[in-house]
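Descriptive analysis of the structure
Single-letter residue listing:
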Amino acid sequence: MTIYKVVEYPNPRLRIPSKPVTEFDEKLRQLVEDMFETMYTASGIGLAAPQIDIHKQIIVVDLTEDKSDQKVVINPKITLKEGSASIDEGCLSVPLDYRAKVERAAHVIVECFNEKGEPYTIDATDELLAICLQHEIDHLQGKLFIDHLSTLKRSLYDKKLSKYERYKRRAESAS
Ligand code: NI
């Protein structure tokens, strides 16, 4: 079992587009298991492989509190988007536990594969699931939820983060 370190913004490695999975082997199944453990350890509800510096189209999602609905979403394609919804989104790769609303579709249909290479369809009529899938699929394209914010909101966040990083560096050099 490996708990991975989650890559954080503004690390440019989060911007690398992910490649489709071609081998559905034991190695992939181990990686998927480790991704779930990494996600649960960080108290997340979704994790995309680029967040652990692996640039493959792999997502794990579990919206439950008792780890009872593990979804493995490989090589996803959104084939339908409708309606609109937004919630306060956060991301394990976005520091300071920053949260903000992003305009998303309320219902999506996603065609994808499981860890055995079997194709299946997720009809996400539940808004939280629909939003979570859109958020994670963005990661595979090197996109973060903060990229959807207005220029003003985004620059306020960037300022806050760089202030925090300066403070952290000062604290480190003083100790
Ligand atoms: Ni995220």
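What this report covers is the structure whose coordinates are included nearby. (Residues numbered from 1 in each chain as written. Predicted model: local features only at pLDDT ≥ 70, side-chain atom pairs only at ≥ 80, totals over all residues. Heavy atoms only, no water.)

What follows concerns the coordination of the nickel ion. For a metal bound by four donors in a tetrahedral arrangement, the ideal donor-metal-donor angle is 109.5 degrees, while six donors in an octahedral arrangement ideally sit at 90 or 180 degrees. Around the nickel ion, the protein supplies C91 (SG), H135 (NE2) and H139 (NE2) as donor atoms, at distances of 2.1 to 2.3 Å. You can call C91 buried: its relative accessible area is 12%. (Donors = N, O, S within 2.8 Å, 3.2 Å for Na, K, Ca; no water. Buried < 20%, exposed > 50% of the residue type's maximum accessible area, 1.4 Å probe, protein only.)

Bringing the packing of aromatic side chains into the picture now. Two numbers describe a pair of aromatic rings. These are the distance of the centres and the angle of the planes. The tally for this structure, following the rule as stated, stands at five aromatic pairs. Centroid distance F36 to Y40: 6.0 Å. Interplanar angle 25 degrees. Geometry classified as stacked. Of this pair, F36 and Y40 both sit in helix α1 (residues 26-41), four residues apart, roughly one helical turn. Looking at Y40, the relative accessible area reads 15%, which means it is buried. Counting every residue linked through ring pairs, the aromatic cluster contains Y9, Y98, F145 and Y157. K67 extends its terminal NZ or CZ atom over the ring of Y40, reaching a point 4.7 Å from the ring centre. (Phe/Tyr/Trp six-rings, centres within 6.5 Å; stacked < 30°, edge-to-face > 60°. Helix = DSSP H or I, 4+ residues; strand = E, 2+ residues; numbered from the N terminus. Lys NZ or Arg CZ within 6 Å of the ring centre and 35° of its normal.)

For the rest of this paragraph, the subject is the sheet that holds strand β6 (residues 107-113). The five strands lie next to each other as β1-β2-β3-β6-β7, forming an open sheet whose pairing is antiparallel. The open sheet is flanked by β1 (46-48) and β7 (119-124), the only strands paired with a single partner. Along the sheet, successive strands turn relative to each other by an average axial angle of 35 degrees, direction set aside. With six bridges joining them, β6 and β7 adopt antiparallel strand pairing. Looking across to β7, one finds that V108 is bridged to A124. Sheet strands touched by α1: β1, β2 (58-61) and β3 (71-82). Its angle to β2, the strand with the most contacts, is close to 45 degrees. Helix α2 (residues 127-140) contacts β1, β2, β3, β6 and β7 of the sheet and is inclined by roughly 155 degrees relative to β2. (Pairing = 2+ DSSP bridges. Axes fitted to C-alpha atoms, helices over the stretch in contact; angles between N-to-C directions. Contact = heavy atoms within 4.5 Å.)

Here we come to a positive patch on the surface. A contiguous patch of positive charge on the surface is contributed by K5, K163, R166, K168, R169 and R170. As for its position among the elements, K5 is in the segment before α1. (Patch = residues over 30% accessible without salt bridge, like charges linked within 9 Å, V, L, I, M, F, W, Y side chains within 5 Å. Areas by Shrake-Rupley, 256 points an atom, 1.4 Å probe, with all protein chains shown as cover. Salt bridge = Lys/Arg side-chain N within 4 Å of Asp/Glu carboxyl O. Lys, Arg positive; Asp, Glu negative; His and termini not counted. Charge placed at Lys NZ, Arg CZ, Asp CG, Glu CD.)

What follows is about the pairing of β6. Examined bridge by bridge, β3 and β6 share six bridges and lie antiparallel to one another. By the bridge assignment, E82 is partnered in β6 with H107. The turn linking β6 back onto β7 is made up of five residues, and G117 within it adopts a positive phi angle of 90 degrees.

This next bit is on the environment of D158. By the secondary structure assignment, D158 is in helix α3 (residues 151-174). Given the relative accessible area of 28%, D158 is considered partly exposed. Sequence separation between D158 and V102 is 56 residues, and the spatial gap between their C-alpha atoms is 17 Å.

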